[in-house]
Each structure stands twice: as structure tokens, then as C-alpha cells.
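Topology and contacts: notes
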Amino acid sequence: MQLTREQEEILNGSQGEMQAKVLKTLVMYGEAFGAERLVKVTGRYGHLVTSFGIGVMKPVYKLMDELLQSQAVSGIPFTVDPRPLDDVVPKSFLERLVFRFMYSKQEEYEKQLKAMGLLSDEGYTCTCYFDEVGNTPKKGEILSWAESSAVNYANSVLGARCNRNSGIIEMFGLIAGWVPEFGLLTDEGRKADLIVEIETENLAEAQLLGSAIGIKAVENVPYIRGLDKFLGHDLNEEVRAYFKDMGAAMASNGAVGLYHVENLTPEAKESGASLIRKNAETYKITEAELLRIRASYPDIRKNKNAAPELCFIGCPHLSKQQLIKWTNIIERKLKENNKSKISIPTVMTSPRGVLKEFSKTEEYAKLKSFGLLFSETCPLMYMNNPLCAKKSVITNSNKLRTYTTAVYYKDDEIADLITGGV
């Protein structure tokens, strides 16, 4: 790898042993992927994936202490994924005990994050790019992020540049201020290897469509055609919310870090079909294909016939627009079923900043009166509790379905279930 004089000096200890180790790690990481140089992180803020103080993660806490003692802190403030715990989410006495044991280092770890450069106490979310959170990168900015859904969104919807980094590597990029240039940081790496042609009669469920594309694309870059006939050509708030959920499913059901949508996403609008590689494969998505994908999902609950005990809506976290949309859906369904309250405990997850703004609306009061719960927690971290994993949990999130025992239902099916419908 070709390094600048400044980088060579840091490797030789000009800023101390710890800074040299951090930079050496990034150099080795880049060389493993064929990077020829390090490039400057230009994004205003970073985003870390590791937000949970799980007891077994002792090497991370030791590393954080060593970095802080050596004053090798992040020169770039950052947000971080959601906290694992929130008293709002229903828990039994035994589940609370297990959570206390599992996340025994949470308080200590949050102090480390704050000392390292956490943007604010409201910066715990997987959707850091919402306006209410304030970590929205600009087109072309180089980022050092982890969290697959956030990286996917930043690359695809915002046009920023970031690889799918693992935890700790993204923090090292923020400490050093440089990241290795390869993959999705390069023009060549952002070209599409797969053409996806949407041939459905109606707009597909975002989570299901993203799942289908992710399973097919794996780590490749898809170029999607046909969505604009349903979504139009304006990247408005509703479309961004759709892409958030679609991209999260791509990133978890596959390993997609970037996608292009013809006539909608920034780079597709600018460059069009020139983004597609000559040998790109074509994948047609029909109603039958979506049914096939849906039928392939396993139900790994112990008791597959158990009635739902809990529902999570919002993985990734919901936007204010989505919360308002859900209010209208649930209100309509309750009226249809002649009910005033939901019949299954349901938690809607969203960033603290979004929930603060949403709490000022009449829709918030309605959802509260219907029995809905609001939390800034991570549903996945909740389901990692072995006792919670035994519950019959339903969700509209393909990401949550992929990583836990939760069972996936489409939005309209979720609405029916929690309002006592068929």
C-alpha cells in the first residue's frame, strides 16, 4: 500500500504506540482487500455498530480502556446502534434477571463510548441518518461506519461512500481519520453486477422485495428497474422510508451494501445504465417469485402453533412519517373490528429524537390510547435473551426474522393480527 509521509510517520510512532497500532490495523485490513491507499474520512460523523454491553465482550472493553488511556480517541464524533434494554418492552421477572446478567457491562460501556466521542445520549439508533438524529451524510462523503442497514442506506439513498465494515474497524477509521480505499469507495466497486426487473402488478412489500433481492445478489450491487412506476421519480420521505426497509432486508438476507434504483437513487439518476456491468445477470421479480421467497422462510419457534405473545414494528427504527402511517392503518383496522385496543402487546421502535417529535402529534395520542408501546431499543438485542427467544414473537421486519426466532408477516397481516382481525 502506498502511504503518505504523514501516515508513514504515524506508523513509526510519531503520535504514540496506540495510534500506530490503529493505523497498522487499517493498513493490514486494506491490503487484505487490495487497497492501494488510505483516503480521508470526510463525513462529519461516524456510526458504530457495537452498542451493547454484553458480558462476554471483555476484549472490547479492554481495548477501549487502552485506547482511552493512550488518548487515542475518535477525532470524529459518532452515533451508535440502539441500546439493548428498555423498561418499556414487556419482560417477565426471570427475563429481567437474564437481561441483567447478559448486559452486565452496559453502564460501563456507555461511559467508554461517551469518552471515545459519542455524539450525544440521543445518538443510539440504527437509523442515524434521520433528520431528528442529525447524522445525515452528504453525497460523495467518505464514511467509516458499521451497521449493515445504515451503510446500505448511506450508500444507496444518500450517495455517500462506505464499505460494510465490521465492528471496531469502523471505530479505528474514525480514530485515524483514514480508511482503506477499495470496494464501495471506488467508482468501479459501485457498478452493478445484477439487473433486477420488477414485474409485479402492485408495489411489493419493501421487506419482502428486499429479501428476494438480497438472497439473489448476496454481496453484489443490484440495479433495480420498474420501481419508479409505483414510486414516481421523487425521492421523498415516503420513498426514503420504503428504501430504508427494502435495503435493510437486502443487507441482512444477503450482504448488499449498495443498490441503485433507476430514476430514483442519486447515482442512478445521474449515470443511469452506465452503472451496469456488461456481464450483469438479470433477475425478474414477479408475484410468484415473491410468494416463493416468502414460502421459503423457516419457522424455528418451538411451538409453531403458539398464539403471538408480542409484536415488534420497526427494525430498522421507524421514521416519524412511518409512525403516522401506522396510526392510520391501526385506527382503520380497529374500527373495522369494532375494537378500541390492540389485542397483542406491540412495541414500535424509533430513535429518541423521532419519538420526541412524534409525541407532539395527535397520532401519538391515538396510538397510546390504542395500547401501542414506544421504545428506542433494539428488538434484535431483546430477542437474543434465550428466554425471550422461546416466545411467540411476530414482526414486519425481515432483518429481525433472519437473526432471531421472530416470525415475519407483511404489514397488512401484522395490522390484522394485532387488531384482532383474521
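Fair warning: this is a prediction, and the values are worked out from it, not measured in the lab.

Reading the values: the criteria
Residues numbered from 1 in each chain as written. Predicted model: local features only at pLDDT ≥ 70, side-chain atom pairs only at ≥ 80, totals over all residues. Heavy atoms only, no water. Salt bridge = Lys/Arg side-chain N within 4 Å of Asp/Glu carboxyl O. Helix = DSSP H or I, 4+ residues; strand = E, 2+ residues; numbered from the N terminus. Buried < 20%, exposed > 50% of the residue type's maximum accessible area, 1.4 Å probe, protein only. 1 Å grid on protein atoms, 1.4 Å probe; cavity = no way out; pocket = protein on both sides within 12 Å on 5 of 7 lines; lining within 4 Å. Points joined across faces, edges and corners; volume = space filled by probe spheres on them. Pairing = 2+ DSSP bridges. Contact = heavy atoms within 4.5 Å. Axes fitted to C-alpha atoms, helices over the stretch in contact; angles between N-to-C directions. Expected span 1.5 Å × (residues − 1). Polar contact = N/O pair within 3.5 Å; in protein donor to acceptor, adjacent residues only side chain to side chain. Phe/Tyr/Trp six-rings, centres within 6.5 Å; stacked < 30°, edge-to-face > 60°. Parallel < 35°, antiparallel > 145°, perpendicular 65-115°, else oblique. Left-handed = near helix turned anticlockwise from the far one by under 90°. Nonpolar A, V, L, I, M, F, W, Y, C, P; charged D, E, K, R; others polar. Core = buried A, V, L, I, M, F, W, Y, C linked by side-chain atoms within 4.5 Å.

Between side chains of opposite charge, a pair can form when the charged atoms approach closely. One pass over the full model with this rule turns up 32 salt bridges. Close ionic contact of Glu267 with Arg190 constitutes a salt bridge, the shortest N to O distance being 2.7 Å. Highlighted residues: Glu267 in helix α11 (residues 266–271) and Arg190 in the loop between β4 (178–180) and β5 (192–198), separated in sequence by 77 residues. Judged by its relative accessible area of 10%, Glu267 falls in the buried class. Ionic contacts of the salt-bridge type, sharing partners, join the residues Arg83, Glu110, Asp121, Arg352 and Glu376 into one network.

Picture a little ball the size of a water molecule; that probe, rolled over the atoms, points out where space is still empty. Roughly 840 Å³ of volume is contained in the largest pocket. In this structure, the largest pocket is lined by 32 residues; those nearest its centre are Ala204, Glu205, Ala206, Tyr242 and Asp411. Of all the secondary-structure elements, those providing two or more residues to the lining of the largest pocket are α8 (206–217), α9 (228–231), α10 (237–253), α12 (287–295), α13 (320–336) and α18 (411–418). The element that contributes the greatest number of residues to the lining of the largest pocket is α13, accounting for seven residues.

One open sheet holds the four strands; their spatial order is β7-β6-β5-β8, and the pairing between them is parallel. A strand with exactly one partner marks an edge of an open sheet, and here the two such strands are β7 (260–261) and β8 (276–285). Inspection of the sheet shows strand β6 (residues 222–225) paired to β7 by two bridges, in the parallel sense. Across the sheet, residue Tyr223 finds its bridge partner in β7, namely His260. Its contacts with the sheet place α8 against β5, β6 and β8, and it is angled at close to 135 degrees to β8.

With that settled, the discussion passes to unusual backbone geometry. Put simply, Cys315 and Pro316 share a cis peptide bond, and its omega is 10 degrees. Locating Pro316 in the fold gives a position in the loop between β9 (310–313) and α13. Although it is not a glycine, Glu147 adopts a positive phi angle of roughly 95 degrees. Topologically, Glu147 is positioned in the loop between α5 (106–116) and α6 (148–156). At Val218, a residue that is not glycine, the phi angle is positive and equals roughly 55 degrees. Mapped onto the elements, Val218 comes out in the loop between α8 and β6.

Here α10 spans 24 Å end to end across 17 residues, near enough to the 24 Å set by a 1.5 Å rise per residue. The distance from a side-chain oxygen at the start of α10 to the backbone nitrogen of Glu238 is 3.2 Å, and the residue carrying that oxygen is Asn236.

This next bit is on the packing of aromatic side chains. Overall, the coordinates contain 15 aromatic pairs when judged by the stated rule. Note on Tyr242 and Phe243: the rings are 6.2 Å apart at their centroids and 65 degrees apart in plane angle, and the pair reads as edge-to-face. Accessibility classification places Tyr242 together with Phe243 in one group, the buried group. When the centroid spacing of 6.0 Å and the interplanar angle of 80 degrees are considered together, the rings of Phe243 and Tyr259 count as edge-to-face. Placement of the pair is Phe243 in helix α10 and Tyr259 in the loop between α10 and β7, with a sequence separation of 16 residues. Three or more aromatic residues link up through ring pairs in this structure, and these residues are Phe99, Tyr103, Phe312 and Tyr382.

Here α6 crosses α10 at 125 degrees, and the two axes come no closer than 8 Å. As far as their axial angle goes, α10 and α6 are oblique. The handedness of the crossing between α6 and α10 is right-handed. Listed contacts from α10 to Ser148, Ser149, Asn152 and Tyr153 of α6 are Arg240, Lys244, Gly247, Ala248, Met250 and Ala251. Along the lines of polarity and charge, the residues of the contact of α6 with α10 split into four nonpolar, four polar and two charged.

Before going further, it helps to spend a moment on empty space enclosed by the protein. Using the criterion set out here, one finds three cavities of 30 Å³ or more in the structure. Taken as a whole, the largest cavity holds about 40 Å³ of empty space. In this structure, the largest cavity is lined by Leu48, Thr50, Met64, Tyr109, Leu113, Ile168, Glu170 and Met171. Within the residue set of the lining of the largest cavity, elements represented by two or more residues are α5 and α7 (169–176). When its residues are assigned to classes, the lining of the largest cavity shows six nonpolar, one polar and one charged.

Within the open sheet, the five strands sit side by side as β11-β10-β9-β12-β13. Their pairing is parallel. This sheet does not close on itself; its edge strands, each paired only once, are β11 (373–375) and β13 (407–408). Pairing between strand β12 (residues 393–395) and β13: two bridges, direction parallel. Its bridge partner lying in β13, Ile394 is registered against Val407.

The biggest cluster of nonpolar side chains holds 64 residues, and the ones touching the most others in it are Ile224, Leu227, Phe243 and Met246. The leading source of residues in this core is α8, at six residues. Excluding residues that lie within four positions of it along the chain, Ile224 makes contacts with Val196, Ile198, Ile213, Met246, Met250, Tyr259, His260, Val261 and Glu262. Counting 34 residues, the second-largest nonpolar core is a separate cluster that includes Leu3, Val41, Ala72 and Phe78.

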